[in-house]
Amino acid sequence: MSLISAEGIGVQYGARRVLQHMNFSIDVGEVVTIVGPNGAGKSVFLRVLIGAEQPSEGRVNRTHGLAIGYVPQRLSIGQTMPMSVARFLALSGSQNASTNQAMLTRVGISDRAKEQMASLSGGEFQRVLLAHALLGEPQVLILDEPTQGLDQPAVAAFYRLIEEVRDERGCAILMVSHDLNVVMRRSDRVICLNGHICCEGTPSDVSLAPEYQALFGVDNEGALALYHHEHDHTHDTVAVP
Amino acid sequence: MVRAALAGVGLACVAGPLGCFVVWRRMAYFGDATAHAAILGVALSLAFSVSIFLGVLVMALVMASATSMLSGRLYAMDTLLGVAAHAALALGLVAVSFLSGVRVDLMAYLFGDILAVGLGDLAMIWLGATAALSLLCWRWGSLLTVTLNADLAAARGINARWEQQVLIVALALVVAVAIKVVGALLITAMLIIPAAAVRPFARTPEAMAVFAAGAGVFSALAGLGVSFRLDTPTGPTMVACAAVVFVVANLAFMGRRGA
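Residues numbered from 1 in each chain as written. Chains lettered and ligands numbered in written order. Predicted model: local features only at pLDDT ≥ 70, side-chain atom pairs only at ≥ 80, totals over all residues. Heavy atoms only, no water.

Peer 1: Can you walk me through the state of the cysteines in this structure?
Peer 2: In a disulfide, the sulfur atoms of two cysteines are held together by a covalent bond. All names here are of chain A. Counted by the stated rule, this structure contains zero disulfides over all chains. The thiol of cysteine 192 is not disulfide-bonded; the next cysteine sulfur, from cysteine 199, is found 4.2 Å away. Cysteine 192 gets classed as buried once you look at its relative accessible area, which sits at 0%. With no disulfide partner, cysteine 198 has as its closest neighbouring cysteine sulfur the one in cysteine 192, 4.6 Å distant. You can call cysteine 198 buried: its relative accessible area is 19%. (Disulfide = S-S within 2.5 Å. Buried < 20%, exposed > 50% of the residue type's maximum accessible area, 1.4 Å probe, protein only.)

Here it is, written out as structure tokens:
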């Protein structure tokens, strides 16, 4: 069953066409990743799907009362508003302090509940955003470059957690990601976006598609291979000062 | 004197929490535009002899809605609000001057006349303040989410435009309530100064709202007391007291952090 579907979405800012002819749907339990260069309209598309932005053409259907967990690409909490981590988590609608604390532990920052949001590091902030999204008991989790600011082990842990969540709750996951190797291993479906859908399909299909290779380079062929033999290549010698 | 105190307390209780949103959402100029429209409201209500409260409320609503809708691309929001705020004030003053038949004490509307608050005024002040405060309490969670991030709110099915409208109505109510107390020129001060004063001591939005109400009540009562003793205009004295609270609070915070 499709949780969110979009037909013929187009977005235009003045004379600039950001998105056109986008058809999309996501089903229960599906993991879909959107890849594409900067300025391809990835974030705009997510914002259209959650209803934060009205498309210039086309329509979006969400199942009635759909619970969406959204992790925005950027969220600045200014110093003007005092906001502790615990209070921010409660804004998700989950008022139970022990549930919220358990979620913080799960995303790996159990000791930050009393901190101010503005004092968190980039990585901690992303984790709190994820905890916030998960506490809303989402049926679909929409993540806009969720791993930016995370170090390598944290990125791995992040994707493991997301997979667990999918398995536990059967919640669908839609994300924009630049972590091509992870994307290629863990997604059911990959959408390659550059103003329109260039190509779409299983990770292995997409990595072989000429449209994908045109965007991400042929020698990425694919990121699958890159992932498997990361250490098989030699580097050019770098002069050490 | 008791009536004046009750009027000041009523205003401060709602101005504190609403002022927090004005501070968080950087709406200070927006507050000014709405408040200045009140003078135009006064002129119109005198001209058509309807209640001042009603005239100010309607004018503030019109002004706030118009400016929030007009926020376009050609001008930045603060330019647009600057035009609106000063145009409304100037138009209001011109309009009042046409009312030659009525003797209008302009100073009372510009700077408030809390000592002249009657029982009827007091009832209106508390009614308006309660209505605005109830509105804020009712929408509190949604308002906070929208203020944090509009996209986050949209994902949760919260309509940002609707919540903005809620704030506009609350602001218009407070302006209508406050014009008798501190006057059109100092309404924004009663919104912003208490909220800003307590910011260093609050760790959650709720704490800041409650502290701001407290700081506002203190400023109102202290201002009333001081103006009674020194025979100074009451509205400005209240705002001056709030400013003192702001300075002392920040000095105390810096001292505590330095220690």
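Now that the structure has been shown, we can carry on.
Peer 1: For this particular structure, what's the right way to read the packing of aromatic side chains?
Peer 2: Residues and elements named next belong to chain B. Following the criterion strictly, the structure yields six aromatic pairs over all chains and no others. Centroid distance phenylalanine 21 to tryptophan 24: 5.1 Å. Interplanar angle 80 degrees. Geometry classified as edge-to-face. Taken together, the residues span about one helical turn, with phenylalanine 21 and tryptophan 24 both in helix 1 (residues 2–24) at a distance of three residues. With relative accessibility at 0%, the residue phenylalanine 21 sits in the buried group. Ring geometry for phenylalanine 201 against phenylalanine 253: centres 6.0 Å apart, planes inclined by 80 degrees, an arrangement best described as edge-to-face. Pair noted here: phenylalanine 201 is in the loop between helix 10 (187–198) and helix 11 (205–230) and phenylalanine 253 is in helix 12 (residues 234–258), with a separation of 52 residues, a long-range link. Judged by its relative accessible area of 30%, phenylalanine 201 is partly exposed. Put simply, the rings of Phe21, Trp24 and Trp140 touch in pairs and so form one group of aromatic residues. Above the plane of the ring of tryptophan 138 lies arginine 139, whose end atom (NZ or CZ) is 4.8 Å from the centre. (Phe/Tyr/Trp six-rings, centres within 6.5 Å; stacked < 30°, edge-to-face > 60°. Helix = DSSP H or I, 4+ residues; strand = E, 2+ residues; numbered from the N terminus. Lys NZ or Arg CZ within 6 Å of the ring centre and 35° of its normal.)

Peer 1: Which parts of the structure should I look at to understand unusual backbone geometry?
Peer 2: Both trends apply: most residues other than glycine have a negative phi, and most peptide bonds are in trans. Positive phi outside glycine occurs at Glu137(A), with the angle close to 50 degrees. Within the secondary structure, Glu137(A) sits in the loop between helix 4 (122–135) and strand 6 (140–144). Positive phi outside glycine occurs at Ser49(B), with the angle close to 35 degrees. Following the sequence through the fold, Ser49(B) ends up in the loop between helix 2 (28–47) and helix 3 (52–70). Using a relative accessible area of 65% as the deciding quantity, one classes Ser49(B) as exposed.

Peer 1: Just to check I follow, could you spell out the interface of chain A and chain B for this structure?
Peer 2: When the parts of a complex come together, some accessible area is lost, and that lost area is often taken as the interface size. With 26 residues of chain A at the contact, the number on the chain B side is 22 residues. Around 2,000 Å² of area is buried between chain A and chain B when both sides are counted, 58% of it from carbon and sulfur atoms. The three residues of chain A that bury the most area against chain B are Thr80(A), Met81(A) and Pro82(A), which together make up 30% of that side's buried surface. If you look at where chain A meets chain B, you find two salt bridges. Arg47(A) is the partner of Asp151(B) in a salt bridge, and the nearest nitrogen-oxygen pair spans 2.7 Å. (Contact = heavy atoms within 4.5 Å. Buried area = accessible area lost by both parts, 1.4 Å probe. Salt bridge = Lys/Arg side-chain N within 4 Å of Asp/Glu carboxyl O.)

Peer 1: Is there a simple way to think about the packing of helix 2 of chain B against helix 10 of chain B in this case?
Peer 2: To characterise two packed helices, one gives the angle between the axes of the helices and the distance between these axes. All names here are of chain B. The geometry of helix 2 relative to helix 10 is characterised by a closest axis approach of 8 Å and an angle of 155 degrees between their N-to-C directions. The angle between helix 2 and helix 10 places the two elements in the roughly antiparallel class. Seen along the crossing, helix 2 lies across helix 10 with a hand that is right-handed. Residues Ala28, Gly31, Asp32 and Ala35 of helix 2 form the contact with helix 10, whose own contacting residues are Ile187, Thr188 and Ile192. Partitioning the contact of helix 2 with helix 10 into residue classes produces four nonpolar, two polar and one charged. (Axes fitted to C-alpha atoms, helices over the stretch in contact; angles between N-to-C directions. Parallel < 35°, antiparallel > 145°, perpendicular 65-115°, else oblique. Left-handed = near helix turned anticlockwise from the far one by under 90°. Nonpolar A, V, L, I, M, F, W, Y, C, P; charged D, E, K, R; others polar.)

Peer 1: Quick question: what am I supposed to make of the sheet that holds strand 6 of chain A here?
Peer 2: Think of a sheet as strands paired side by side through backbone hydrogen bonds, with each pair either parallel or antiparallel. All names here are of chain A. Reading across from one edge, 5-6-7-3-8-9 is the order of the six strands in this open sheet, with mixed pairing throughout. With one partner strand each, in any of the chains shown, strand 5 (68–71) and strand 9 (197–201) form the two edges of the open sheet. Sheet twist, expressed as the average angle between the axes of neighbouring strands with direction ignored, equals 10 degrees. By the bridge criterion, four bridges tie strand 3 (residues 31–35) to strand 8 (residues 189–193) in an arrangement that is parallel. Each residue of the ladder has a partner; that of isoleucine 34, found in strand 8, is isoleucine 191. Sheet strands touched by helix 1 (residues 42–50): strand 3, strand 5, strand 6, strand 7 (172–176) and strand 8. Its angle to strand 6, the strand with the most contacts, is close to 150 degrees. Set on the sheet, helix 4 makes contact with strand 5 and strand 6; between it and strand 5 the angle comes to about 170 degrees. (Pairing = 2+ DSSP bridges.)

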